[in-house]
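The lines below spell out each chain.
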There are 2 protein chains.
Amino acid sequence: MPAGDPSAPAAHAGHAPARVDKEHSVRVELGARSYDILIGEGLIDRAGTEVAARLPGARVLVVTDERVAKLHLGRLEIALSGAGIASSTLVLPAGETTKSFAHLERSVDAILEARLERGDAVVALGGGVIGDLAGFASAVAKRGMGFVQVPTTLLAQVDSSVGGKTGINTPRGKNLVGAFHQPALVLSDVATLDTLSPREFAAGYAEVVKYGLIDRPDFFDFLEKNRAAIFAGGPERAEAIRISCEAKAAVVAADEEEHGARALLNLGHTFGHALERAVGYDAARLVHGEGVSIGMALAHRFSVKLGLATGQDAGRVAAHLRAAGLPTEISAIPGPAIGRETLMEAIAQDKKVSRGRLTFILTRGIGRSFLAGGVDPAEVEGFLDEELSQ
Amino acid sequence: MPAGDPSAPAAHAGHAPARVDKEHSVRVELGARSYDILIGEGLIDRAGTEVAARLPGARVLVVTDERVAKLHLGRLEIALSGAGIASSTLVLPAGETTKSFAHLERSVDAILEARLERGDAVVALGGGVIGDLAGFASAVAKRGMGFVQVPTTLLAQVDSSVGGKTGINTPRGKNLVGAFHQPALVLSDVATLDTLSPREFAAGYAEVVKYGLIDRPDFFDFLEKNRAAIFAGGPERAEAIRISCEAKAAVVAADEEEHGARALLNLGHTFGHALERAVGYDAARLVHGEGVSIGMALAHRFSVKLGLATGQDAGRVAAHLRAAGLPTEISAIPGPAIGRETLMEAIAQDKKVSRGRLTFILTRGIGRSFLAGGVDPAEVEGFLDEELSQ
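Everything quoted here is computed from the prediction, not taken from an experiment. (Residues numbered from 1 in each chain as written. Chains lettered and ligands numbered in written order. Predicted model: local features only at pLDDT ≥ 70, side-chain atom pairs only at ≥ 80, totals over all residues. Heavy atoms only, no water.)

What about the overall build of chain A?
Then, in step 1: Per the secondary structure count, chain A includes 13 helices and 12 strands.
Then, in step 2: Here chain A has a C-alpha radius of gyration of 20 Å; the compact-globule value for 390 residues is 21 Å, and the two agree.
Then, in step 3: Sorting the 390 residues of chain A into buried and exposed places 61% on the buried side.
Then, in step 4: Put simply, chain A shows about 13200 Å² of open surface, and 53% of that area lies on carbon and sulfur atoms.
Then, in step 5: Here chain A contributes 41 positively and 48 negatively charged side chains, and the mean placements of these two sets differ by 2 Å. (Helix = DSSP H or I, 4+ residues; strand = E, 2+ residues; numbered from the N terminus. Rg over C-alpha atoms; globule rule 2.2 N^0.38 Å. Buried < 20%, exposed > 50% of the residue type's maximum accessible area, 1.4 Å probe, protein only. Areas by Shrake-Rupley, 256 points an atom, 1.4 Å probe, with all protein chains shown as cover. Lys, Arg positive; Asp, Glu negative; His and termini not counted. Charge placed at Lys NZ, Arg CZ, Asp CG, Glu CD.)

Here we look at the environment of lysine 174 of chain B
Residues and elements named next belong to chain B.
Then, in step 1: Relative to the helices and strands, lysine 174 is located in strand β8 (residues 173-180).
Then, in step 2: Expressed as a C-alpha distance, the spacing of lysine 174 and alanine 232, which sit 58 residues apart in the sequence, is 32 Å.
Then, in step 3: A polar side-chain atom of lysine 174 sits 3.3 Å from a polar atom in the side chain of glutamate 276. (Polar contact = N/O pair within 3.5 Å; in protein donor to acceptor, adjacent residues only side chain to side chain.)

Description of the interface of chain B and chain A
Then, in step 1: Counting from both sides, the interface comprises 43 residues of chain B and, opposite them, 43 residues of chain A.
Then, in step 2: Across the interface of chain B and chain A, roughly 3500 Å² is buried in total on both sides, 46% from carbon and sulfur atoms.
Then, in step 3: Where chain B packs against chain A, one counts four salt bridges.
Then, in step 4: A salt bridge links glutamate 345 of chain A to arginine 115 of chain B, with the nearest nitrogen and oxygen atoms 2.7 Å apart.
Then, in step 5: Summed over the shared surface of chain B and chain A, the number is 12 residue pairs in polar contact (both at pLDDT 80 or more).
Then, in step 6: When contributions to the side of chain B that touches chain A are tallied by element, the ones reaching two or more residues are α3 (101-113), α4 (128-140), β7 (165-170), β8, α12 (340-349) and β10 (353-354) of chain B.
Then, in step 7: Here the element with the most residues in the side of chain B that touches chain A is α3 of chain B; it accounts for seven residues.
Then, in step 8: Looking at side-chain class alone, the side of chain B that touches chain A contains 16 nonpolar, 10 polar and 17 charged residues. (Contact = heavy atoms within 4.5 Å. Buried area = accessible area lost by both parts, 1.4 Å probe. Salt bridge = Lys/Arg side-chain N within 4 Å of Asp/Glu carboxyl O. Nonpolar A, V, L, I, M, F, W, Y, C, P; charged D, E, K, R; others polar.)

A few points about the sheet that holds strand β2 (residues 35-40) of chain A
Remark on secondary structure: sheet strands pair via backbone hydrogen bonds, oriented parallel or antiparallel.
Residue and element names in this part refer to chain A.
Then, in step 1: A sheet is described by the order of its strands in space; here seven strands give the open sequence β1-β2-β9-β6-β5-β3-β4, paired in mixed fashion. The sheet terminates laterally at β1 (24-28) and β4 (87-92), the two strands that pair on one side only. Between one strand axis and the next, the sheet turns through 15 degrees on average, direction left out of account.
Then, in step 2: In this sheet, strand β6 (residues 146-151) lies alongside strand β5 (residues 121-126) in parallel orientation, the contact comprising six bridges. Opposite glycine 126, over in β6, you have proline 151 as the bridge partner.
Then, in step 3: The sheet contacts of helix α2 (residues 66-82) involve β3 (60-65), β4, β5 and β9 (185-189), and relative to β3 the element is tilted by about 155 degrees.
Then, in step 4: In the packing of helix α8 (residues 235-254) onto the sheet, contacts are made with β1 and β2, and the angle to β1 comes to roughly 10 degrees. (Pairing = 2+ DSSP bridges. Axes fitted to C-alpha atoms, helices over the stretch in contact; angles between N-to-C directions.)

Some details on the relation of the copies chain B and chain A
Then, in step 1: For the pair chain B and chain A, the best superposition has an RMSD of 0.0 Å and corresponds to a rotation of 180 degrees with a translation of 0.0 Å parallel to the axis. In symmetry terms, the pair is related by a two-fold rotation axis. For chain B, the residue whose C-alpha comes nearest the rotation axis is phenylalanine 101 of chain B, separated from it by 4.1 Å.
Then, in step 2: When you check the interface residues of chain B against chain A, 100% turn up at the interface there too, and the contact is symmetric in its surfaces. (Least-squares fit on C-alpha atoms with pLDDT ≥ 70 in both.)

Structural notes on the sheet that holds strand β2 (residues 35-40) of chain B
All names here are of chain B.
Then, in step 1: Strand order in the open sheet made by the seven strands is β1-β2-β9-β6-β5-β3-β4, with mixed pairing throughout. Unpaired on one side and paired on the other, β1 (24-28) and β4 (87-92) mark the two borders of the sheet. Pairs of neighbouring strands in the sheet enclose a mean axial angle of 15 degrees, with direction left out of account.
Then, in step 2: Note that strand β6 (residues 146-151) and strand β9 (residues 185-189) share two bridges and pair parallel. Of the residues in β9, the one forming a bridge with glutamine 149 is valine 186.
Then, in step 3: Of the strands in this sheet, β3 (60-65), β4 and β5 (121-126) touch α3, which is tilted by about 165 degrees from β4.

Notes on helix α11 (residues 311-323) of chain A
Residue and element names in this part refer to chain A.
Then, in step 1: Across its 13 residues, α11 extends 18 Å between first and last C-alpha, which sits within 8% of the 18 Å expected from 1.5 Å per residue.
Then, in step 2: Taken as a whole, α11 has its buried residues at Asp313, Ala314, Val317, Ala318, His320 and Leu321. The buried residues of α11 occupy one face: seen down the axis, they fall within an arc of 160 degrees.
Then, in step 3: Buried-residue contacts for α11 involve α6 (198-215), α7 (217-232) and α10 (288-305).
Then, in step 4: A positive backbone phi angle near 85 degrees is found at glycine 325, which sits one or two residues after α11. (Expected span 1.5 Å × (residues − 1). Arc of directions from axis to C-beta.)

A closer look at the UniProt feature "domain: 3-dehydroquinate synthase N-terminal" (unreviewed entry) in chain A
Then, in step 1: In the numbering adopted here, UniProt assigns the feature "domain: 3-dehydroquinate synthase N-terminal" (unreviewed entry) to residues 90-202 of chain A.
Then, in step 2: Taken as a whole, residues 90-202 of chain A contains 34% helix and 30% strand, while its terminal C-alpha atoms sit 28 Å from one another. (UniProt positions renumbered as here; feature names shortened; annotations may be inferred.)

Some details on the packing of aromatic side chains
Note on aromatic pairs: each is described by the distance of the centres and the angle between the planes.
Then, in step 1: A complete count under the given rule lists 16 aromatic pairs over all chains for this structure.
Then, in step 2: Measuring from ring centre to ring centre gives 6.0 Å for phenylalanine 219 of chain A and phenylalanine 222 of chain A, while their planes differ by 20 degrees; the resulting arrangement is stacked. In this pair, phenylalanine 219 of chain A and phenylalanine 222 of chain A both sit in helix α7, three residues apart, roughly one turn of the helix.
Then, in step 3: Pairwise contacts between aromatic rings join Phe271, Phe302, Phe360 and Phe383 of chain A into one cluster.
Then, in step 4: In this structure, arginine 143 of chain A packs its charged tip against the face of phenylalanine 180 of chain B, placed 5.9 Å from the ring centre. (Phe/Tyr/Trp six-rings, centres within 6.5 Å; stacked < 30°, edge-to-face > 60°. Lys NZ or Arg CZ within 6 Å of the ring centre and 35° of its normal.)

Here we look at the nonpolar core
Then, in step 1: By size, the foremost hydrophobic cluster in this structure holds 56 residues, and its most contacted members are Leu104 and Val108 of chain A together with Leu104 of chain B.
Then, in step 2: Setting aside chain neighbours within four positions, we find valine 108 of chain A in contact with Ala137, Val140 and Ala141 of chain A together with Phe101 and Val177 of chain B. (Core = buried A, V, L, I, M, F, W, Y, C linked by side-chain atoms within 4.5 Å.)

Let's talk about the packing of helix α10 (residues 288-305) of chain B against helix α11 (residues 311-323) of chain B
Residues and elements named next belong to chain B.
Then, in step 1: Here α10 crosses α11 at 170 degrees, and the two axes come no closer than 9 Å. Here α11 runs roughly antiparallel to α10, going by the angle between their axes. The residues of α11 that touch α10, namely those facing Ser293, Met296, His300, Arg301 and Val304, are Gly311, Ala314, Val317 and Leu321.
Then, in step 2: A class-by-class count of the residues in the contact of α10 with α11 yields five nonpolar, three polar and one charged. (Parallel < 35°, antiparallel > 145°, perpendicular 65-115°, else oblique.)

What about the pairing of β9 of chain A?
Residues and elements named next belong to chain A.
Then, in step 1: When you tally the buried positions in β9, you get five out of five residues, the bulk of the element.
Then, in step 2: Alignment of β2 against β9, held across five bridges, turns out to be parallel. From the neighbouring strand, isoleucine 39 faces β9, where its bridge partner is serine 188.

Quick look at the environment of alanine 179 of chain B
Residues and elements named next belong to chain B.
Then, in step 1: Mapped onto the secondary structure, alanine 179 falls in strand β8.
Then, in step 2: Alanine 179 gets classed as buried once you look at its relative accessible area, which sits at 13%.
Then, in step 3: In this structure the C-alpha to C-alpha distance between alanine 179 and alanine 274, which are 95 residues apart in sequence, comes to 21 Å.

Side note on the packing of α7 of chain A against α8 of chain A
The relative placement of two packed helices comes down to the angle between their axes together with the axis-to-axis distance.
Residue and element names in this part refer to chain A.
Then, in step 1: The N-to-C vectors of α7 and α8 enclose an angle of 135 degrees; their axes lie 8 Å apart at closest approach. On the basis of their axis angle, the class for α7 and α8 is oblique. With respect to the hand of their crossing, α7 and α8 are arranged in left-handed fashion. Mapping the contact onto sequence places Phe219, Phe222, Leu223, Asn226, Ala229, Ile230, Phe231 and Ala232 in α7 and Glu236, Arg237, Glu239, Ala240, Ile243 and Ser244 in α8.
Then, in step 2: The residue makeup of the contact of α7 with α8, split by class, is nine nonpolar, two polar and three charged. (Left-handed = near helix turned anticlockwise from the far one by under 90°.)

Set out below in structure tokens:
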């Protein structure tokens, strides 16, 4: 497992920064709430004109965190003011603990203090934490106002900024409180990814791999072939982001509020969330993407144990994740050992529970995942005992 | 203005308790989110079967307040358990200050502690405060779960329980944070109205009058003719509740998220909210319905000043409200005088503001209200000066 502070600046030694040969655009089709995801280099500098084109006359509140503010806020503010958009800014502490009721209240208060109206917008500049929190604040302030995502991490660009899920954590679990609230625009400036630490980039890559594993075996092949180029910042990087966004957009369009197909996006997340909870959301031990990586490896091995998938596929998945610098075993998490009971308790509290039986995303092989609604908790316990005894 | 503690028990001396000759049912048509409002006597005793019929297999959390719990909680719990519905209960302090972030967090935590799932439901037993708070909690816990309204005040039965507006207050204003979240069922047991204080009943009656003033002049005639019977608890009471619910349901069906027509329901509310804020939501000085009563009287007099309506209509409105025991003048509010600047500041922060101009519901006469989007703040200031100098 990659060590070190996830907020440390990037090294990226030995390769050129990301260069994109063209700009990509992905449309999320949701009727009157449809919107574009723009993917390209230097898009923050165009944020003002892109926002003004979609929300004419809107004023904005930019919500960001202390780390991202240092890197990108100045450019965003210049772009907004250049397009004649009046803006104010709220800078919050960086880190998962910011996704709390206290910071929701603070964000809503900043919106009200700025006197934003329902036709105005909140702009989230940052990773998944800022996007989820600012999105939730924009969903509930005055019962819903405009929202724009400017994701600056790989995880946010391929996952959390797309699809309208917003929310916060509580001591009882991650994302247990929130709203479905679609953005009016997602601006993914891939140049911001050059500022990520290798660990943070790898964590986001876990969500990229997920789309291949859900139902795009060809994309998994592409990733196996192009992993080095994607990490090095070649045009394959933006291509992988585009395909990831298309995959997510297709699922969201089919099932906006997660009554069915959308649940497949949780591949690796039931185990992953439980692990994150077990370490108390301590990012030094485990960040979200790493939890998802272990969770996807577990989902594949659990599927093998249930006689659904082959050990060969599970091995191929784990090998690819490890090659990307991601953990695939519970034992790879540094610090005190995590017990079975702690994990079962966390799984039971997870929101993807239905009437006492457990719901998991299982798989029949790479790109053949499915929603299994009636998993027996005893089966999970037996599987975890095996995993934890290794 | 009626004096006394709004939570004091009802006197209702000299008349029989409310008796309903038949049960009413009003359908709120919102496609897949359509639902019934049942209006009748003793409906709480049928809550279990009515909930089970609409949300089969659901478990529930009942959210109520200390005052209502003493009066009605036991019956509701018996009814739920009689229908085989597992329930837990959260009892909160009574009063407007309960509509806060702190109590939202507490309510969400109770939902999570009860391990409710998205197919389960929160049941709000109480007035508008409990309905708005519990509804908001049900909207955001796990990004939305089932919700049932059991309104026990006239105001909640004719207004706040219908239409899916939920929310809380912040120090910056009332209902500035919330969600649109429709209930699966509204159970209006008119027998609960016998437990209201006369002041509380009158406050709810202000919202009944509002429907006549918006666009139902015949209903206003009905109210002028039957006010005494409605207050005394005759069958006209349930009839007035039914017509009020139909009026609100029609508006909500046409404009669920308040992009246009629904705004008419705010007749009297821009001034009313400003007055409530000016007294710091001190219920001893002013409760919501009283604010709306003064607000409706002001909206009519403001319309007269603007040359839109006749003084005769404004006088008829004020006379009816006064006969119902409701205030119609700012000066009727006890305590320190309220200044123009305080009111203008509160109006500007109100969410019904659009790009600097003020939005008011004005009227061309009884039942002829309309949305006026570009009101000049100077006109409002001049009008308030006149009102405050009296």
